[in-house]
Every structure is written in C-alpha cells, then in structure tokens.
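Listed below are the residues making up each chain.
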Amino acid sequence: MRLSTGSGAEVFVFVALLAVAIATININSNGGVLTAFNKVLGVPSGAVEIVGEEGSKYLMIAQIRGRNAITQQRIDASFEVIKPLTQNDLLVKDKQGIVYRAGVSQESQILASQIQVQRSSPISVQLQSINLDSDDVYAAVENLPPERTYITGTLTIEDSEDLQLRTNPQQFNSITLQPAQGYAMAEGRSKTIAHLVSASPQEVAQQLGSYFATGSLIVRTINVRS
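Residues numbered from 1 in each chain as written. Predicted model: local features only at pLDDT ≥ 70, side-chain atom pairs only at ≥ 80, totals over all residues. Heavy atoms only, no water.

A.B. asks: Please explain the nonpolar core as it appears in this structure.
C.D. replies: Across soluble globular proteins, nonpolar side chains have a tendency to be buried as a group. Counting residues in hydrophobic clusters, the biggest one holds 21 residues, and the most contacted among them are Ile151, Ile157, Ile175, Leu196, Val204 and Leu208. In contact with Ile151, not counting residues within four places along its chain, are Val141, Leu144, Leu196, Val197, Ser198, Ala199, Ser200, Pro201, Val204, Leu217, Ile218 and Val219. In this structure, Ala62, Leu90, Tyr100 and Ile110 belong to the second largest nonpolar core, which totals 18 residues. (Core = buried A, V, L, I, M, F, W, Y, C linked by side-chain atoms within 4.5 Å. Buried < 20%, exposed > 50% of the residue type's maximum accessible area, 1.4 Å probe, protein only. Contact = heavy atoms within 4.5 Å.)

Structure, rendered in structure tokens:
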C-alpha cells in the first residue's frame, strides 16, 4: 500500500533511516559525529566526555555560558579545564587562577547551560605519589612545581584542634575536613581527616603546612609543550 504524501508514517520512516545512518557513521568514525555535535551544542555531559577523551593529550579550554549559583549573575567566559569531576561537571579555573566546579549539579558554583570545549596546546602529564607517615606537610609539597600542579588524596592531620580552613562558597574548595572517627582525645590533642581534590601546592602549604600528617597523595603536573 502506497503511503500518502506527507503522512506521519513517511516521516517516521525518514527519521528512523536518518538515525540508523548517523549511528552507522558514528561507529565508522569512532565517535566523530557525536563529538562534533557535542562541540557545537555545548551539552555539559558531552563536554565532559570530550575532556575525558582528549584531556590527557591537550590543554582544554572551555567556553561556559550559564550563571553564578549564588549571585545568579550571568556568565559567558572561557576557563582552563583542570579535570572532569562527574559525568556532568568539570573542574575549571579562570585567568586569575580561581577554581570552580561548572556543570549542572547542585554542588556547582557555575550552573552551566552550555559548555563548549576546544583543544589548546599539546601537553604531557606527570604523576607522582607522596606518602606521609607523621611527616611535615609543608616539606612534602614545598618543592613541587607551582604551575598546573594538582594534589589529590587523603591525609590524617595530627594535633589539629586549631585547624580551620579559609573557604569561599563562590568557588571550589579543594580541601575539606572531617573529624577523625574512633580517635580518642588524649592530652587535648585531636586528629582531622583532610580530603584534597586537585589542590595546588601553594594552597596545601598555606592551609596545612604547619601540621604533621599521615596519608597518601597523588600529584598531577601538566607540562605544556611549546
């Protein structure tokens, strides 16, 4: 039976064939079509996927459109990508070096309606592990490269009864604290767990440098090639 011109069935068949064609091209091009769509549309989850695929080879720049989660001020600016945080959020920093979580989650400082990412310079990534056993935190980080070095891990801070962090709700706090569970107070001493997520050596030195700690850290240094 011949379908009438402009019928819903014809439209359905056309859309189905188009979807199959796009899927076939995507498979044959190793994701190139979907990557191109994500770059054009700026879907946050697509931007995270692109960074996951290319972020170990290139410095990635994100053009973000959205609003400040607290002030509701409109944002349309470029940021350097540090790393993906979740399937929908990126960790980025502005030209002043201030770090933000950008995406669609409630924890984001920048609620993004669009994120378009592009390659910048090629990079190499160096990873280094640091283990502390009641060691001086400052001494552990003082010789790390100051530029594009990010520290992640968990430390148990000793004698931390006076430890307080300087935090800002409008930016990403790369060091957070929680009380050490199951530790009995003795002679007025306490222990605190510090969680680090892409903290800079300068921040670790300023916030935790006067303490001794036990734990493991992973240091990620990005070297931009000329």
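Having put the structure on the table, let's press on.
A.B. asks: Any chance you could explain the pattern of salt bridges here in plain terms?
C.D. replies: Pairs may arise between side chains of opposite charge once their charged atoms sit close together. In this structure the tally under the stated criterion is 5 salt bridges. Residue Arg65 is joined to Asp76 by a salt bridge in which the shortest nitrogen-to-oxygen separation is 3.5 Å. Taken together, the residues Arg65 in strand β1 (residues 58-68) and Asp76 in strand β2 (residues 74-84) connect sequence positions 11 residues apart. (Salt bridge = Lys/Arg side-chain N within 4 Å of Asp/Glu carboxyl O. Helix = DSSP H or I, 4+ residues; strand = E, 2+ residues; numbered from the N terminus.)

A.B. asks: When you look at the pairing of strand β3 (residues 89-93) in this model, what are you seeing that I'm missing?
C.D. replies: In summary, the side chains of a regular strand alternate between the two faces of the sheet. Of all 5 residues in β3, 5 are buried; the element is thus mostly enclosed. By the alternation rule, side chains of β3 split into Asp89, Leu91 and Lys93 and Leu90 and Val92, which are all buried. Where β2 lies against β3, 4 bridges are found, and the strand directions are antiparallel. Considered in β3, the bridge of Glu80 is made with Lys93. Between the antiparallel neighbours β2 and β3 lie 4 residues. Looking at chain direction, β3 and strand β4 (residues 99-103) are connected through 5 bridges and run antiparallel. (Pairing = 2+ DSSP bridges.)

A.B. asks: I'm lost on the confidence of the model for the protein chain in this one. Help?
C.D. replies: In low-pLDDT segments, the atomic positions of the prediction should not be examined closely. Summarising the model, the protein chain shows a mean pLDDT of 85, and 78% of its residues fall at 70 or more. Confidence drops under a pLDDT of 50 for residues 25-31, and excluding neighbours within four residues, the segment shows 5 contacts in the predicted structure. (pLDDT = per-residue confidence, 0-100.)

A.B. asks: In this structure, what is going on with the side chain of Ser198? I would like to understand it.
C.D. replies: Positionally, Ser198 belongs in strand β8 (residues 191-199). Not counting residues up to four positions away in its chain, the partners in contact with Ser198 are Ile82, Lys83, Leu91, Tyr150, Ile151, Thr152 and Ser174.

A.B. asks: Help me out: how do you make sense of the environment of Ile115 in this one?
C.D. replies: In this fold, Ile115 is placed in strand β5 (residues 110-136). You can call Ile115 buried: its relative accessible area is 1%. Distance from Ile115 to Ala102, taken between C-alpha atoms, is 8.8 Å for residues 13 residues apart in sequence.

A.B. asks: Where do I start with the environment of Leu155 in this structure?
C.D. replies: One can find Leu155 in strand β6 (residues 149-158). C-alpha of Leu155 to C-alpha of His195: the two residues are 40 residues apart in sequence and 6.7 Å apart in space. Non-local contacts of Leu155, meaning those with residues more than four positions away in its chain, are made with Leu132, Val137, Thr192, Ile193, Ala194, Ala213, Thr214, Gly215, Ser216 and Leu217.

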